[in-house]
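If you want the building blocks of each chain, they are given just below.
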Amino acid sequence: MKKIIVCSLTTMSLLALTLSAQEVHIIIPKIPEVPKVVVEKEKDVTGEVKKAAPVALQKQEVSFSHKVAPHLQKKAKVQTKKSTAVGDVVNGRVAAYLEMPAMDKAALKKAIHDAGFNIKAIMKVDEKGDVLSYVITNPTLIKLASKPNRGFGATLRITLDKKDYLISITNPKYLLKAFLQDDYDPKAANELLASLRDGFKELKNSSEMIKFSAVSNFVFMKGMPGYGNMETLAKADNTRLLNKARASKRIIFEQKLQNGATLIGVSLSKETSKFIQKTGFSHAALLPYPVLIENGEAKTLDPKYYIAVMYPKLKMSQFMQIAAIPDVIDKELDLLFR
């Protein structure tokens, strides 16, 4: 029987097999050892081994580029400073009136003249004279209104309300946008507004902020008359119509226009004028009522429209209280030319 003997060499060598009749010798090379690294430690002058100083870890900051790929870049919005001056259009809305504390009549007259306007008429709205209506104009207004069907824009109105200690002025941007329609001139309106601000230093916007783009199409409610729904009171040549109106002795003011037309302001009866007590005295300067004599016609704004545009925040409950007034006004105006 053969014997198997396993042994190893002390040195690296090739595997060798020694065969004999009775034995088989398998020689396995010795596994080499990993060489050891000898570190020489630094010693100080006393012979002691120096301690290794701790290694400080450095903080590394990660910075990110602010650059953005061109196709991902957003264009910066150019922000324009919005005007906040009294009477201007702000956020698409405009104040129907400009208001300030009341002043005496002499001071008001001076302020009107300082602003570059002329007084066409002063009318008592109530019996005691605590509420006065001032009709004012200037060459710019007259020029703007001297176009067909634009004569109602020839004047602005001011209410002096001693009861509530208030002055209320129609904002030219609002009133001219309503009465000049497509002939509205923003530059001229801005100049007129600036003149009012110069003459009346304490002006503030009224609470009646109306969407500016909707002013020219203003109606009290859907289905009600607008600016274009004027009523024709009489037909004749301009001179004859004007003379008939004068004969009624109810004309408060006359304003000649450059196109040959005449805008007149007419007083209503005391009884009819009392509707102001229900709509409010703050905008009582809608009276005297305007009538335009032009191209052989005497025409006026439908009362349902005129009252609403001069009281743009009129509530339905208030309107119902004066529901009969528009028809009464129509009849009184019609009698002017009979």
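Further up the page is the structure itself.
Residues numbered from 1 in each chain as written. Predicted model: local features only at pLDDT ≥ 70, side-chain atom pairs only at ≥ 80, totals over all residues. Heavy atoms only, no water.

Caption draft 1: Main features of a nonpolar patch on the surface. Among the surface-exposed residues, Met221, Met316 and Met320 lie close enough to one another that they form a single nonpolar patch of about 300 Å² accessible area. Inspection of the secondary structure assignment puts Met221 in the loop between strand E11 (209-211) and strand E12 (231-235). For Met221, a relative accessible area of 38% gives the class partly exposed. (Patch = residues over 30% accessible without salt bridge, like charges linked within 9 Å, V, L, I, M, F, W, Y side chains within 5 Å. Areas by Shrake-Rupley, 256 points an atom, 1.4 Å probe, with all protein chains shown as cover. Salt bridge = Lys/Arg side-chain N within 4 Å of Asp/Glu carboxyl O. Helix = DSSP H or I, 4+ residues; strand = E, 2+ residues; numbered from the N terminus. Buried < 20%, exposed > 50% of the residue type's maximum accessible area, 1.4 Å probe, protein only.)

Caption draft 2: Seen up close, the pattern of salt bridges. Counting across every chain of the model gives eleven salt bridges. Several salt bridges share partner residues, and in doing so they unite Asp88, Lys173 and Arg197 into one network.

Caption draft 3: Representation of the packing of helix H3 (residues 172-180) against helix H8 (residues 303-310). Look at H3 against H8: their axes get within 11 Å of each other, and the N-to-C directions meet at 160°. Between H3 and H8, the crossing angle belongs to the class labelled roughly antiparallel. Handedness of the crossing formed by H3 with H8: right-handed. Taken together, the residues of H8 that come into contact with H3 (itself represented by Tyr174, Leu175, Ala178 and Phe179) are Tyr305, Tyr306, Val309 and Met310. (Axes fitted to C-alpha atoms, helices over the stretch in contact; angles between N-to-C directions. Parallel < 35°, antiparallel > 145°, perpendicular 65-115°, else oblique. Left-handed = near helix turned anticlockwise from the far one by under 90°. Contact = heavy atoms within 4.5 Å.)

Caption draft 4: Structural detail: the packing of aromatic side chains. Taken as a whole and judged by the stated rule, the model has six aromatic pairs. Judged by centre distance (5.9 Å) and plane angle (65°), the rings of Tyr184 and Phe212 are edge-to-face. Residue Tyr184 is found in the loop between H3 and helix H4 (186-199), and its partner Phe212 is found in the loop between E11 and E12; the two are separated by 28 residues along the sequence. By the burial criterion, Tyr184 is buried, and Phe212 matches it. Their ring planes at 20° and their centres at 4.6 Å tell us that Phe220 and Phe319 sit as a pair that is stacked. With Phe220 in the loop between E11 and E12 and Phe319 in helix H9 (residues 316-321), the pair connects residues that are 99 residues apart, well separated along the chain. You'll find Phe220 and Phe319 in the same group, each marked buried. An aromatic cluster is defined as three or more aromatic residues linked by ring pairs; in this entry it consists of Phe152, Phe179, Tyr227 and Tyr305. Between the NZ or CZ atom of Lys163 and the centre of the ring of Phe281, over which it lies, the distance is 4.5 Å. (Phe/Tyr/Trp six-rings, centres within 6.5 Å; stacked < 30°, edge-to-face > 60°. Lys NZ or Arg CZ within 6 Å of the ring centre and 35° of its normal.)

Caption draft 5: Spotlight on the nonpolar core. Counting 90 residues, the largest nonpolar core has Phe179, Phe200, Phe275 and Phe337 as its most contacted members. Residues contacting Phe337, with those up to four places away along its chain left out, are Leu233, Ala234, Leu241, Lys244, Ala245, Val291, Ile293 and Ala298. (Core = buried A, V, L, I, M, F, W, Y, C linked by side-chain atoms within 4.5 Å.)

Caption draft 6: Geometry of the environment of Gly153. Considering the arrangement of structural elements, one finds Gly153 in the loop between helix H2 (139-145) and strand E8 (156-161). Judged by relative accessible area, Gly153 falls into the buried class, the value being 0%. With 23 residues separating them along the chain, Gly153 and Leu176 place their C-alpha atoms 5.9 Å apart. Those residues in contact with Gly153 that sit more than four places away from it in its chain are Leu141, Ala145, Leu176 and Phe179.

Caption draft 7: Structural context of the environment of Thr170. Of note, Thr170 is situated in strand E9 (residues 166-170). Between the C-alpha atoms of Thr170 and Thr159, which are eleven residues apart in sequence, the distance is 8.9 Å. Not counting the four nearest positions on each side in its chain, Thr170 is found in contact with Ala96, Tyr97, Leu156, Arg157, Leu175, Leu196 and Met310.

Caption draft 8: Inspection of the sheet that holds strand E14 (residues 262-266) at higher detail. One open sheet accounts for five strands, arranged E12-E16-E15-E14-E13; its pairing is antiparallel. Here the strands that pair on one side only, and so sit at the sheet edges, are E12 and strand E13 (251-256). Taking each pair of neighbouring strands and ignoring which way they run, the sheet shows an average axis angle of 25°. In the sheet, E14 pairs with strand E15 (residues 289-294) via five bridges, with the strands oriented antiparallel. Paired with Gly265 across the strands is Pro290, a residue of E15. (Pairing = 2+ DSSP bridges.)

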